[in-house]
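Chain by chain, the residues run as shown.
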Amino acid sequence: QVQLVESGGGLVQAGGSLRLSCAASGRSFSRYAMGWFRQAPGKEREFVAAISGSAGRAFSANSVKGRFTISRDNAKNMVYLQMNSLKPEDTAVYYCAADLGGSPTYYYTGAYDHWGQGTQVIVSS
């Protein structure tokens with residue numbers, strides 16, 4: 001069983017930055033691909049970024065490319081999402097997720113086996 005706990009959300013002005021963290025339990029963390037998703041009120045959960053187990057490959061949604069960076073520290077069982085140049089439309093609950101099977105569809109919620117409880121990000125204009 002993998003448990004994920006996100007932190008780092010909060011209220012920030014447009015143009016500001018936040019760094020989200022996700023702490024993962026489990027011995028085989030470096031084998032899991034990890035992803036960040038977000039869900040705004042009244043909208044479906046959407047892909048934000050993903051990173052392979054070895055951190056050799058990273059992917060991000062077009063809407064955040066150039067502003068958000070995903071990274072991981074396998075020694076600490078941590079995944080991070082550095083968010084810069086935040087916009088009001090980035091307001092959402094952000095979720096960390098673990099893919100134990102290494103699915104190629106990293107952008108799809110169904111590819112992930114475990115989810116955190118989410119952390120709220122609010123960007124004011």
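Further up the page is the structure itself.
Residues numbered from 1 in each chain as written. Predicted model: local features only at pLDDT ≥ 70, side-chain atom pairs only at ≥ 80, totals over all residues. Heavy atoms only, no water.

> Sorry, what's going on with the packing of aromatic side chains here?
Given two aromatic rings, their pairing is described by the distance between the two centres and the angle made by the two planes. Under the defined criterion, the tally for this structure stands at 8 aromatic pairs. Where Y106 meets Y107, the ring centres are 5.3 Å apart and the plane angle is 80°; that geometry is what we call edge-to-face. Taken together, the ring pairs connect F37, F47, F59, Y106, Y107, Y112 and W115 into an aromatic cluster. Here the guanidinium or amino end of R19 rests over the ring plane of Y80, the centre of that ring lying 3.9 Å away. (Phe/Tyr/Trp six-rings, centres within 6.5 Å; stacked < 30°, edge-to-face > 60°. Lys NZ or Arg CZ within 6 Å of the ring centre and 35° of its normal.)

> Before we go on, may I ask you to explain the layout of surface pockets in this structure?
Where empty space is left in the structure can be found by rolling a water-sized probe over the atoms. Its volume calculated, the largest pocket comes out at about 180 Å³. As for the largest pocket, its lining consists of 15 residues, of which A33, S52, R57, F59 and S103 are closest to the centre. Of the residues contributing to the lining of the largest pocket, the split by class is 8 nonpolar, 4 polar and 3 charged. (1 Å grid on protein atoms, 1.4 Å probe; cavity = no way out; pocket = protein on both sides within 12 Å on 5 of 7 lines; lining within 4 Å. Points joined across faces, edges and corners; volume = space filled by probe spheres on them. Nonpolar A, V, L, I, M, F, W, Y, C, P; charged D, E, K, R; others polar.)

> It is not clear to me how the state of the cysteines should be interpreted in this structure. Could you clarify?
Two cysteines whose sulfur atoms are joined by a covalent bond form what is called a disulfide. The tally for this structure, following the rule as stated, stands at 1 disulfide. The disulfide partner of C22 is C96, and the S-S distance across this bridge is 2.1 Å. Looking along the S-S bond of the C22-C96 disulfide, the torsion reads about -75°, which is the left-handed sense. A residue pair is termed long-range when its members are at least 10 positions apart, and C22 in strand β3 (residues 18–24) and C96 in strand β9 (residues 92–99) qualify at 74 residues. Note on accessibility: C22 and C96 belong to one class, buried. (Disulfide = S-S within 2.5 Å. Helix = DSSP H or I, 4+ residues; strand = E, 2+ residues; numbered from the N terminus. Buried < 20%, exposed > 50% of the residue type's maximum accessible area, 1.4 Å probe, protein only.)

> Please clarify how the pairing of strand β1 (residues 4–7) should be interpreted in this entry.
Regular strands place their side chains on alternate faces of the sheet. Burial of the side chains of β1 is restricted to one face: L4 and E6 are buried, whereas none of V5 and S7 on the reverse face is. The sheet contact formed by β1 and β3 spans 4 bridges and is antiparallel. The residue of β3 that forms the bridge with L4 is A24. (Pairing = 2+ DSSP bridges.)

> Would you take a moment to explain the side chain of H114 for this structure?
Following the sequence through the fold, H114 ends up in strand β10 (residues 114–115). The residues contacting H114, other than those within four sequence positions of it, are Q1, V2, L4, C96, A97, A98 and L100. (Contact = heavy atoms within 4.5 Å.)

> Would you mind going over the nonpolar core with me for this structure?
Grouped burial of nonpolar side chains is what soluble globular proteins tend to show. Ranked by internal contacts, the top residues of the largest apolar core, which has 34 residues, are M34, W36, L81, M83 and Y94. Put simply, the parts of the chain that give this core at least two residues each are β3, β4 (33–39), β5 (46–51), β7 (68–73), β8 (78–83), β9 and β11 (119–124). Setting aside its immediate chain neighbours within four residues, L81 contacts L18, R19, L20, W36, V48, A49, F68, T69, I70 and Y94. (Core = buried A, V, L, I, M, F, W, Y, C linked by side-chain atoms within 4.5 Å.)

> Would you explain the environment of D113 in this entry?
Assignment of secondary structure puts D113 in the loop between β9 and β10. Judged by relative accessible area, D113 falls into the partly exposed class, the value being 43%. As a C-alpha pair, D113 and V2 span 111 residues in sequence and 8.8 Å in three-dimensional space. Contacts of D113, omitting those with residues within four sequence positions, involve A98, D99, L100 and G101. For D113, the side chain forms a polar contact with the main-chain nitrogen of L100, separated by 2.7 Å. (Polar contact = N/O pair within 3.5 Å; in protein donor to acceptor, adjacent residues only side chain to side chain.)

These values are about where atoms sit, not about what they do.
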